[in-house]
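Structure at a glance
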Amino acid sequence: MQTPQNIGGVLMEIKSFGVIGAGQMGSGIAQVAAASGLQVVMSDINSDCTARGVGIIEKNLQRSVDKGKLTDAERQAILGRIKTTTKLADLAEVDYVVEAAVEMEELKFGIFRELDTVCPPGVILATNTSSIPIGRIGAQTGRPEKVIGMHFMNPVPVMKLVEVIRGLRTSDETFSITWELCHRFGKTPAEANDFPGFIANRILMPMINEAIFCLYQGVGKAEDIDTVMKLGMNHPMGPLALADLIGLDTCLAIMETLYDGFKDSKYRPCPLLRKYVEAGWLGRKNGRGFYQY
């Protein structure tokens, strides 16, 4: 494995952190960044979205206070380090940016093209994409050596893993700074190469997709499929319940990226997954997926 260079001095210069997207992932990333002592600017398309993001963070932090893991003063200090905006131009002053927008290729491309004009040339532009190739995203900018994947797991404040994915043109310095930033956030980084789905979703999503095929073909009911995987394979959550937590639209987008990237039929999204997404059954986020919430 690539070992990070001694870049502690560079890392110390990162004092502010930008997050694009105030949803479940973006708000979680903003929370861990602020908890590490960084000044955070969290951006989304409108003030309702940013307000919901702050609400998620407030709820998470209050839960930690109630459990005695955090003092109320620490909670207030973390919240005090988070600002919100609806303008990408307000990220011009931050030292590092992570994009955590919806898993749509063209949307991400547009964000990175705009960030490239807004942020100073030395600023690293990371993406929390769960499947889109980093090289393809980096090619939208004039700084592909400064573009990298920083794939957090859901829920971000709890899960320790961050996949760090370098594109073909990502520099060693960009990789090292990102690797050390993961440690600063209290996370454990793992290096992945730039293939569709990287490591986590190349393994996880076909399993979820196969569980959906089992439901589609009547092999078992949702509860029984999940029970087999929880009790038989010692998984903390069944694959269908996990799909609901991730979001069925996100699962479909990742499977389509895998299928388009490898042109292999084993990555074909299950028709039932597509049908649920088309019907607006997206999982926990809107109250109905493979289960009702």
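Residues numbered from 1 in each chain as written. Predicted model: local features only at pLDDT ≥ 70, side-chain atom pairs only at ≥ 80, totals over all residues. Heavy atoms only, no water.

- Naming follows an unreviewed UniProt entry, where the protein chain appears as 3-hydroxybutyryl-CoA dehydrogenase of Desulfofustis limnaeus.
- Comment text from UniProt for the protein chain, heading Sequence similarities (unreviewed entry), reads "Belongs to the 3-hydroxyacyl-CoA dehydrogenase family." (UniProt positions renumbered as here; feature names shortened; annotations may be inferred.)

Examining the overall build of the protein chain
- For the protein chain, the helix and strand inventory stands at 12 helices and 8 strands.
- Taken over C-alpha atoms, the radius of gyration comes to 19 Å for the protein chain, in line with the 19 Å a tight globule of 293 residues would show.
- Seen along its three principal axes, the alpha-carbon backbone of the protein chain occupies a region of about 55 × 45 × 35 Å.
- Counting only residues that meet the buried cut, the protein chain has 49% of its 293 residues in that class.
- Long-range contacts, defined here as pairs at least 24 residues apart, represent 66% of the contacts in the protein chain between residues at least 6 apart.
- Each charge class in the protein chain was averaged separately, 31 positive and 33 negative side chains, and the resulting centres sit 4 Å apart. (Helix = DSSP H or I, 4+ residues; strand = E, 2+ residues; numbered from the N terminus. Rg over C-alpha atoms; globule rule 2.2 N^0.38 Å. Buried < 20%, exposed > 50% of the residue type's maximum accessible area, 1.4 Å probe, protein only. Contact = heavy atoms within 4.5 Å. Lys, Arg positive; Asp, Glu negative; His and termini not counted. Charge placed at Lys NZ, Arg CZ, Asp CG, Glu CD.)

Structural notes on the UniProt feature "domain: 3-hydroxyacyl-CoA dehydrogenase NAD binding" (unreviewed entry) in the protein chain
- In the numbering used here, UniProt assigns the "domain: 3-hydroxyacyl-CoA dehydrogenase NAD binding" (unreviewed entry) feature to residues 18-194.
- As annotated, residues 18-194 has a helix share of 41% and a strand share of 21%, and its two end C-alpha atoms lie 23 Å apart.

Brief notes about helix α7 (residues 172-184)
- For α7, which comprises 13 residues, the first-to-last C-alpha distance of 18 Å matches the rise-based estimate of 18 Å (1.5 Å per residue) to within 8%.
- The set of residues buried in α7 consists of T174, F175, S176, I177, T178, W179, L181 and C182.
- At the exit of α7 stands G186, carrying a positive phi of roughly 80 degrees. (Expected span 1.5 Å × (residues − 1).)

Concerning the sheet that holds strand β5 (residues 124-127)
- Read across the sheet, 8 strands follow the order β3-β2-β1-β4-β5-β6-β7-β8 without closing on themselves; strand pairing throughout is mixed. The two strands at the open ends of the sheet, each matched to only one other strand, are β3 (82-85) and β8 (188-192). Sheet twist, expressed as the mean angle between neighbouring strand axes with direction ignored, is 25 degrees.
- Pairing of strand β2 (residues 39-43) with β3 involves 4 bridges; the strand directions are parallel. Looking at the pairing, M42 lines up with T84 of β3.
- Each of β1 (16-20), β4 (96-99), β5, β6 (147-152), β7 (161-166) and β8 touches α7; the most contacted strand, β7, lies at about 175 degrees to it. (Pairing = 2+ DSSP bridges. Axes fitted to C-alpha atoms, helices over the stretch in contact; angles between N-to-C directions.)

Considerations on the environment of V123
- Tracing the backbone shows V123 in the loop between α5 (105-118) and β5.
- In sequence terms V123 and V158 are 35 residues apart; their C-alpha atoms lie 27 Å from each other.
- Ignoring anything within four residues of it in the chain, the contact list for V123 reads V94, D95, Y96, V97, R143 and K146.

Quick word on the UniProt feature "domain: 3-hydroxyacyl-CoA dehydrogenase C-terminal" (unreviewed entry) in the protein chain
- Residues given the UniProt feature "domain: 3-hydroxyacyl-CoA dehydrogenase C-terminal" (unreviewed entry) here are residues 197-293.
- Secondary structure within residues 197-293 divides into 62% helix and 0% strand; the distance between the first and last C-alpha atoms comes to 28 Å.

Section: unusual backbone geometry
- Cis geometry is adopted by the peptide bond preceding P155, which originates at N154 and carries an omega value of 0 degrees.
- Among the secondary structure elements, P155 is positioned in the loop between β6 and β7.
- Even without glycine at this site, N234 takes up a positive phi of about 65 degrees.
- Tracing the chain through its elements places N234 in the loop between α9 (222-233) and α10 (239-246).
- The exposure class of N234 is exposed, given its relative accessible area of 68%.
- Look at K263: it is not a glycine, yet its phi comes out positive at around 50 degrees.
- Topologically, K263 is positioned in the loop between α11 (248-262) and α12 (271-278).
- Owing to a relative accessible area of 65%, K263 belongs among the exposed residues under this scheme.

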